[in-house]
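Take a look at the letters that make up each chain.
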Amino acid sequence: MTDNKKENISGKLGKLEEIVEWFESQKEIDVEKGLLKVKEGAALIKDLRKRMQIVQNEFQEIKKEIEEEEE
Amino acid sequence: MQKDTQQGLFADSGEKGNTKIKKSSKKKIVTPKAEVAESVSETPEMIFSVGEFLDYINEVFRAREYTVEGEITECNPHPTGLYFTLKDKKGDGVLSCYMNPYAYRMLGVPLEVGMLVKAIGAPNIYKPKGRFSFVARKIELSGEGSLRKAYELLKKKLEAEGLFTRKRPLPEFIGSVGVITSKTGAVIDDFRKNLKPLGFKVFLHDVRVEGASAPNQIIHALRSFNKKMPDLDVIVLIRGGGSLEDMQAFNNELVVREIFASQIPVIAGIGHDRDVPIASLTADRMTSTPSFSAAIVNESWDRLFKNLPLMEGTILEFYGVALTDAIHTVENASAHLAGVFQSIAGRYERSVKDIVRFFDSALERAEERLRRAAQLLTALDPERNLKLGYSIVFGEGGRVVRSADELKRGSRIRARFGKGSLEAIVEKVQEK
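Novice: Before we go on, may I ask you to explain the sheet that holds strand β4 (residues 116-126) of chain B in this structure?
Specialist: Residues and elements named next belong to chain B. An order of β1-β2-β3-β5-β4 is seen for the five strands of this closed barrel, with the pairing classed as mixed. Averaged over all neighbouring strand pairs, the angle between strand axes comes to 50 degrees, with direction disregarded. Here strand β1 (residues 66-78) runs beside strand β2 (residues 81-87); their pairing, made up of seven bridges, is antiparallel. Across the sheet, the residue bridging to H78 is G81, located in β2.

Right, dumping it as structure tokens:
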């Protein structure tokens, strides 16, 4: 996986964690602000769920030529 | 003890002074072995110089490889190579052996007196001294005791160097995996089956995992991945279980150092019984089976798979509670407002009644006043007085005469009655 994709997943999880922390830290949740946070969180969850979907693994044997080339 | 290099052992001494051998036969000495043998049989009268004879014998010796098993009774590593002696456990056979420094370095297994080994190579006679020795190209440990001893020695040495303490964290969300193992056998299938379908890109480097060629192939695969595919997230080195002898490639110093040198983190999934392979001790993560190695790769996605549902639940729960609270607040506020409105409406209703009442009363009062005014007006109406018998006298100029002294004798007057009027001339005025 490319570093960008990883950062994307990691970044989205990070944002989601921030939203969770926001909810946990509020003494009294402002419903309007909360709704915005829920909407933002829902979009992040949707994207991350897409990545969680089953994706076939790719298998490839390293060609012998590469090995010979090195030798 | 010999101190010459292997090159020295095989070097032509170049005896230029020998004249007893014809030039043609000299040439034949350096020809391939078959031709040499043929030339010897064809020229029985040929006389060798010592050097030529040794060259010839060495050629014959090198025609094939031999494997000699024996116990090491002397062992002297030296910059020019390893000098050691093999002896039979029973009997009195002793063999002086040599291994060139490169081959010794590539051995990757420490040797000690008392170890039972198999030396693979060919004999050679060192020309300057005429000394016979066995030149080992390869050495294999033989017997459980030797293997264990070598294992313990290497483990102790590398542990002291700190090779087992460096453990790098594996990257999160592993995507590309370089696998080093044999492509045949259950191991790779086991690994593949246990890898979750998360779109991993798996590159397999097929290697021998036991036998003499295994260490070199594993080293090559590690180098190849690091050089050709440096962006790999992780390298997985796997093989099934086996005896200490089967595991020699994974207790090989060169293999172990290559694992340590890898820029890409290494997971070792090497089956073992009692002795943990030194390769496993050096790797960044160690497991005992290929399936556990796959599980470690899968684990790198745990933050997403385990935390996402939890975070989703937390957000919804918190917001749910906040929303319920807000609804209750609104309901309470509505109820309160309704009360306030009812109260205001009641007061308004009362006010309207008061106003209406006030207006009614004011109207009545106005009507009364109007009625009285009308009565008054009616009483004052001159027409009504004329009808009652009164009359109005108008003097000259049409002015109403209010007093007798406004008139004199002969004044012309006009009198108006309830019905009709008359004109007359005043005859007498009585002022009183």
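Novice: Whenever I open this one, the sheet that holds strand β9 (residues 266-270) of chain B confuses me. Can you help?
Specialist: Whether parallel or antiparallel, the strands of a sheet pair through hydrogen bonds between backbone atoms. The strand order across the open sheet built from six strands is β1(A)-β7(B)-β6(B)-β8(B)-β9(B)-β10(B), with neighbouring strands paired in parallel fashion. Pairing within the sheet leaves two strands with one partner each, and these edge strands are β1 (58-61) of chain A together with β10 (285-287) of chain B. Adjacent strand axes in the sheet meet at a mean angle of 20 degrees, parallel and antiparallel pairs treated alike. When β9(B) meets β10(B), the two strands line up parallel, connected through three bridges. Bridge pairing links B:G269 to B:T287 in β10(B). Here helix α7 (residues 186-194) of chain B sits on the sheet and contacts β1 of chain A together with β6 (176-181), β7 (201-206) and β8 (234-239) of chain B; the angle it forms with β6(B), its principal contact strand, is near 160 degrees.

Novice: It is not clear to me how the interface of chain B and chain A should be interpreted in this structure. Could you clarify?
Specialist: Each partner contributes to the interface: chain B provides 35 residues, whereas chain A provides 30 residues. Contributions of two or more residues to the side of chain B that touches chain A are made by β7, α8 (214-228) and α12 (302-379) of chain B. With 14 residues, α12(B) is the largest single contributor of residues to the side of chain B that touches chain A.

Calculation criteria
Residues numbered from 1 in each chain as written. Chains lettered and ligands numbered in written order. Predicted model: local features only at pLDDT ≥ 70, side-chain atom pairs only at ≥ 80, totals over all residues. Pairing = 2+ DSSP bridges. Helix = DSSP H or I, 4+ residues; strand = E, 2+ residues; numbered from the N terminus. Axes fitted to C-alpha atoms, helices over the stretch in contact; angles between N-to-C directions. Contact = placed C-beta atoms within 7 Å.

Worth remembering: the numbers are spatial, not functional.
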